[in-house]
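Chain and residue survey
Spelled out, the chains give:
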Amino acid sequence: MFAAERRQLILEMVRANGAVSLRELARVVQTSEVTVRRDVRALEAEGLLDRRHGGAVLPGGFTRESGFPQKSHLATAEKTAIADLAASFVEEGEAIVVGAGTTTQELARRLARVPGLTVVTNSLLVAQALAHANRVEVVMTGGTLRGSNYALVGSGAEQSLHGLRVSRAFLSGSGLTAERGLSTSNMLSASVDRALVQAAAEVVVLADHTKLGTDTMFQTVPTDLITRLVTDEPPAHDDRAATELQALADQGVQIAVAGAPGGSAGAGGPGGDAVPARQQRRDVPLPGPRRQVPGAGSGLRSATMLGEQSPGAERARVADLRRR
């Protein structure tokens, strides 16, 4: 197939589905992902589509949100690595909230072995992943079912979160920038995510590198309320992701990179399980005190405070990601 034929077929697939993964495009046009990535870049340069989340989407930064079937096939390896690492931050006996999303669904599958855990969620997929975990209590919000991502949204979901206090919130989204923080493409989902944030003393964002530098319509978590970002190692050529990581760290976000070389060996996972070597974590300590989420209970663990390393040392560690 000639390049022009491949690109026409890629464009037709994106227009028909709204979002298509590079892997699926490569399968359909019967070529490598490297070649497809080159084709997608050429089409993006012509303004015919945008590169997003390990795939291609309709052009425009504020287009309609991709459905669950499309999202579930995008950046799957990265989501798995992020979920493995994020699970290592959950402790026995904690009460947490977990928002909707394909990455948080992966996290939920790994939380089933944490004894004494209580998980509050508005996601049917998260609840399903924990349904047979006899040592985990699952509490679901009320609300109206949003079928595109199997999440409960609306005033019923938000009201059921009033008065709730937990130690951490684990959230995903459509985009993350240092300027606006975490954002999503749907107003109802954004409103529920903000309610989840208000219930937690710490906020942990799960976002693969393709979401870094992407801004979508509705803000869910401003940067100054994000305690930690769990992400994957950006490719060496991805300057946008590396620059955004630097900017996030400069604003006080603690960064943990899944699969980064030189991570802390033997970092413990939930229930004492070791984090696999390829998922060893690299933390960038906060350069200054973090503001606690308004209304967080005094008896809960407060947001992470100043690490022992200087801000200069921290910036040097994040800059190392750019060189990789």
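Refer to the preceding data block for the structure.
Residues numbered from 1 in each chain as written. Predicted model: local features only at pLDDT ≥ 70, side-chain atom pairs only at ≥ 80, totals over all residues. Heavy atoms only, no water.

Some remarks on the sheet that holds strand β13 (residues 218-221)
In spatial order, the strands read β10-β11-β13; together these 3 strands make up an open sheet with antiparallel pairing. Looking at the sheet topology across the chains shown, the edges are occupied by β10 (175-177) and β13. Across the sheet, the axes of successive neighbouring strands diverge by a mean angle of 40°, strand direction being ignored. Examined bridge by bridge, β10 and strand β11 (residues 181-184) share 3 bridges and lie antiparallel to one another. (Pairing = 2+ DSSP bridges. Helix = DSSP H or I, 4+ residues; strand = E, 2+ residues; numbered from the N terminus. Axes fitted to C-alpha atoms, helices over the stretch in contact; angles between N-to-C directions.)

Digging into the environment of Val205
Inspection of the secondary structure puts Val205 in strand β12 (residues 200-206). Its relative accessible area of 0% is what places Val205 among the buried residues. The spatial distance from the C-alpha of Val205 to the C-alpha of Ala169 is 8.2 Å, given a sequence separation of 36 residues. Ignoring sequence-local partners within four residues, the contact set of Val205 consists of Leu171, Leu176, Leu182, Ile226, Arg228, Leu229 and Val230. (Buried < 20%, exposed > 50% of the residue type's maximum accessible area, 1.4 Å probe, protein only. Contact = heavy atoms within 4.5 Å.)

Description of the environment of Asp208
Checked against the element boundaries, Asp208 lands in the loop between β12 and β13. In the structure, Asp208 is positioned 22 residues away from Val230 in sequence and 7.9 Å away in space, judged by C-alpha atoms. Among the polar contacts listed, one links the side chain of Asp208 to the side chain of Thr210, at a separation of 2.2 Å. (Polar contact = N/O pair within 3.5 Å; in protein donor to acceptor, adjacent residues only side chain to side chain.)

Some thoughts on the environment of Thr104
Position of Thr104 among the secondary structure elements: in helix α6 (residues 102-111). Apart from the residues within four sequence positions on either side, Thr104 is in contact with Val98, Gly99, Val126, Phe170, Leu171, Ser172 and Leu206. A distance of 2.8 Å separates the side chain of Thr104 from the backbone oxygen of Gly99, its partner in a polar contact.

Regarding α6
With respect to burial, α6 is a largely interior element, 9 of its 10 residues being buried. Every buried residue of α6 is listed here: Thr102, Thr103, Thr104, Gln105, Glu106, Leu107, Ala108, Arg110 and Leu111.

Focus on the packing of aromatic side chains
All chains considered together, the criterion is met by 0 aromatic pairs. Its guanidinium or amino end placed over the ring of Phe89, Arg228 lies 4.0 Å from that ring's centre, counting from NZ or CZ. (Phe/Tyr/Trp six-rings, centres within 6.5 Å; stacked < 30°, edge-to-face > 60°. Lys NZ or Arg CZ within 6 Å of the ring centre and 35° of its normal.)

A look at the packing of helix α5 (residues 76-87) against α6
At a minimum axis separation of 8 Å, α5 and α6 run at an interaxial angle of 50°. If you check the angle between α5 and α6, you find them oblique. Relative to α6, the crossing made by α5 is right-handed. In contact with Lys79, Thr80, Ile82, Ala83, Asp84, Ala86 and Ala87 of α5, α6 contributes Thr102, Thr103, Glu106, Leu107, Arg110 and Leu111. (Parallel < 35°, antiparallel > 145°, perpendicular 65-115°, else oblique. Left-handed = near helix turned anticlockwise from the far one by under 90°.)

Notes on the pairing of β12
Of all 7 residues that make up β12, 7 are buried, and the element is covered over most of its length. With 5 bridges connecting them, strand β9 (residues 166-171) and β12 associate as parallel partners. Within β12, the residue paired with Phe170 across the bridge is Val204. Two elements, β12 and strand β14 (residues 228-232), share 3 bridges in a ladder whose sense is parallel. Bridge pairing in β14 links Val204 to Arg228.

Remarks on the packing of helix α2 (residues 22-29) against helix α3 (residues 33-45)
The relative placement of two packed helices comes down to the angle between their axes together with the axis-to-axis distance. Look at α2 against α3: their axes get within 9 Å of each other, and the N-to-C directions meet at 105°. By the criterion of interaxial angle, the relationship of α2 to α3 is roughly perpendicular. Facing Leu22, Arg23, Leu25, Ala26 and Val29 of α2, the residues of α3 in contact are Glu33, Val36, Arg37 and Val40. In terms of residue class, the contact of α2 with α3 is built from 6 nonpolar, no polar and 3 charged. (Nonpolar A, V, L, I, M, F, W, Y, C, P; charged D, E, K, R; others polar.)

These results come straight from atomic positions and should not be treated as a statement about function.
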